[in-house]
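A look at the structure
Chain residues, written in single-letter form:
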Amino acid sequence: DAGVTQSPTHLIKTRGQHVTLRCSPISGHKSVSWYQQVLGQGPQFIFQYYEKEERGRGNFPDRFSARQFPNYSSELNVNALLLGDSALYLCASSFREGEYNEQFFGPGTRLTVL
Amino acid sequence: GDSVTQMEGPVTLSEEAFLTINCTYTATGYPSLFWYVQYPGEGLQLLLKATKADDKGSNKGFEATYRKETTSFHLEKGSVQVSDSAVYFCALRSTGSARQLTFGSGTQLTVLP
C-alpha cells in the first residue's frame, strides 16, 4: 500500500513569491496535518484538517493557509515567502482525528527560499 | 503550553554500545508520548509509543517507559547497530490539544562500526 505522498520533493523560490505544496494521504485516511521542520529543529505544527474542515492551527502567520479536498488530499499555501520559511514541510495523515490515531508522515517537501 | 526537552546531540557510539537518549516533558493532563525516528532523506517514522503512566513502549530493541512522577520518557537500547544511525525525536500529544504532536528538537545518533 502506498504511504503518504508529497509533491514536489524539492522547491526553490525567491523572497516574496508564493508556493503550493501538495499531500496525498494514505488511502482511507481522512485527517491530514502539516508540520514545518527547520533544519536542526523538531517539526512544528501548522494545520490539521479532518473531513475537509480545519480542526487545528499552530502559531503561524496568516501567510500560511491550507485546504483539504473531497478526496482528502491537501494543499499548503504560503504567500510572500521569507527567508525564514526555508524548511522541510511534512504532511501526516491519520484515519481519524484524536489522540489515539497514529499519524503517518510523508517524506516531506524541501523548500528553499533565496 | 506543552513542551518537550530532549538530550542534545550529536551522540556517537560504537556498535553494540548501550544507548540512552533523555526526554522530559511539560503538559497538561495525561499526554500520550512517542519516539519518532528520521533516517536521512526520509520522513518521520513512529518508533514506539506509550499512552499512560508506567506503560513501556518497545520496538526493534528500543524501549521507553512513561514516568509520570519524573515527567520523562527516556529512549534506551541495549546494543545499537550501524543501521540505527538517524535522528530521534521525542514527542507528546496532550489531551488538551489532541490534534497535534509537540516535538523535541531531535537527537542525532551516529553508530560507528
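I will try to describe carefully the structure that is included in this document. In this convention, every chain numbers its residues from 1, walking through the sequence in written order. Both sets of labels track the order of writing: A upward for chains, 1 upward for ligands. In keeping with the predicted nature of the model, local features appear solely for residues at pLDDT of at least 70, side-chain atom pairs appear and are counted solely at 80 or more, and the whole-chain, interface and lining totals rest on all residues. The side-chain values count all of the structure's non-hydrogen atoms but skip hydrogen atoms and water molecules.

**A closer look at the packing of aromatic side chains**
Spelled out, the test is: Here a Phe, Tyr or Trp ring, Trp counted by its six-membered ring, pairs with any other such ring whose centre lies within 6.5 Å, and the pair is stacked when the planes are under 30 degrees apart, edge-to-face when over 60, and tilted otherwise. Helix and strand assignments come from DSSP, with helices taken as H or I runs of at least 4 residues and strands as E runs of at least 2, each series counted from the N terminus. Between buried and exposed lies partly exposed: a residue is buried under 20% and exposed over 50% of the maximum accessible area for its type, with that area taken using a 1.4 Å probe on protein chains only.
Enumeration according to the criterion identifies 12 aromatic pairs over all chains in this entry. Taken together, a centroid distance of 5.5 Å and an interplanar angle of 50 degrees make the contact between Tyr 35 of chain A and Phe 105 of chain A tilted. Placement of Tyr 35 of chain A in strand S4 (residues 31-37) and of Phe 105 of chain A in strand S10 (residues 104-105) is noted, with a sequence separation of 70 residues between them. Residue Tyr 35 of chain A shares its accessibility class with Phe 105 of chain A, and that shared class is buried. For the pair Phe 105 of chain A and Tyr 36 of chain B, a centre-to-centre distance of 5.5 Å together with 85 degrees between the ring planes defines the contact as edge-to-face.

**Thoughts on the pairing of strand S12 (residues 107-112) of chain B**
Residues and elements named next belong to chain B. What counts is decided by this rule: We call two strands paired when DSSP finds no fewer than two bridges between them.
On S12, burial follows the alternation: Thr 107, Leu 109 and Val 111 on one face are buried, whereas Gln 108, Thr 110 and Leu 112 on the facing-out side are not. In this structure, strand S2 (residues 11-14) lies alongside S12, joined through four bridges in parallel fashion. Residue Val 11 lies in a different strand from S12, and its bridge partner there is Leu 109. Bridging between strand S10 (residues 86-93) and S12 involves three bridges; their strand directions are antiparallel. Bridged to Tyr 88 within S12 is Thr 107.

**Side note on the layout of surface pockets**
Sizing a probe to match a water molecule and rolling it over the atoms shows the empty space that remains. Put simply, the rule is: Site definitions follow a grid-based scheme: protein atoms alone, a 1 Å grid, a 1.4 Å probe that fits but cannot get out for cavities, and for pockets an open set with protein on both sides within 12 Å along at least five of seven lines, plus lining residues having an atom within 4 Å of a point. Grid points are joined across faces, edges and corners, and a volume is the space filled by probe spheres set on the points. Residue type decides the class: Asp, Glu, Lys and Arg count as charged, Ala, Val, Leu, Ile, Met, Phe, Trp, Tyr, Cys and Pro as nonpolar, and the leftover types, Gly among them, as polar.
Here the largest pocket defines a volume of roughly 500 Å³. Secondary structure elements with two or more residues in the lining of the largest pocket: S10 and S12 of chain B. Here the lining of the largest pocket takes three residues from S10 of chain B, the largest share from any one element. Partitioning the lining of the largest pocket into residue classes produces nine nonpolar, 14 polar and three charged. Looking at the second largest pocket, its volume works out to about 220 Å³. Surrounding the second largest pocket, 12 residues form its lining, Gln 44, Phe 45 and Asn 59 of chain A together with Gln 100 and Thr 102 of chain B being those nearest its centre. Among the secondary structure elements, those contributing two or more residues to the lining of the second largest pocket are strand S5 (44-50) of chain A together with strand S11 (102-103) of chain B. By residue class, the composition of the lining of the second largest pocket is five nonpolar, six polar and one charged.

This is a description of form; function is not addressed.
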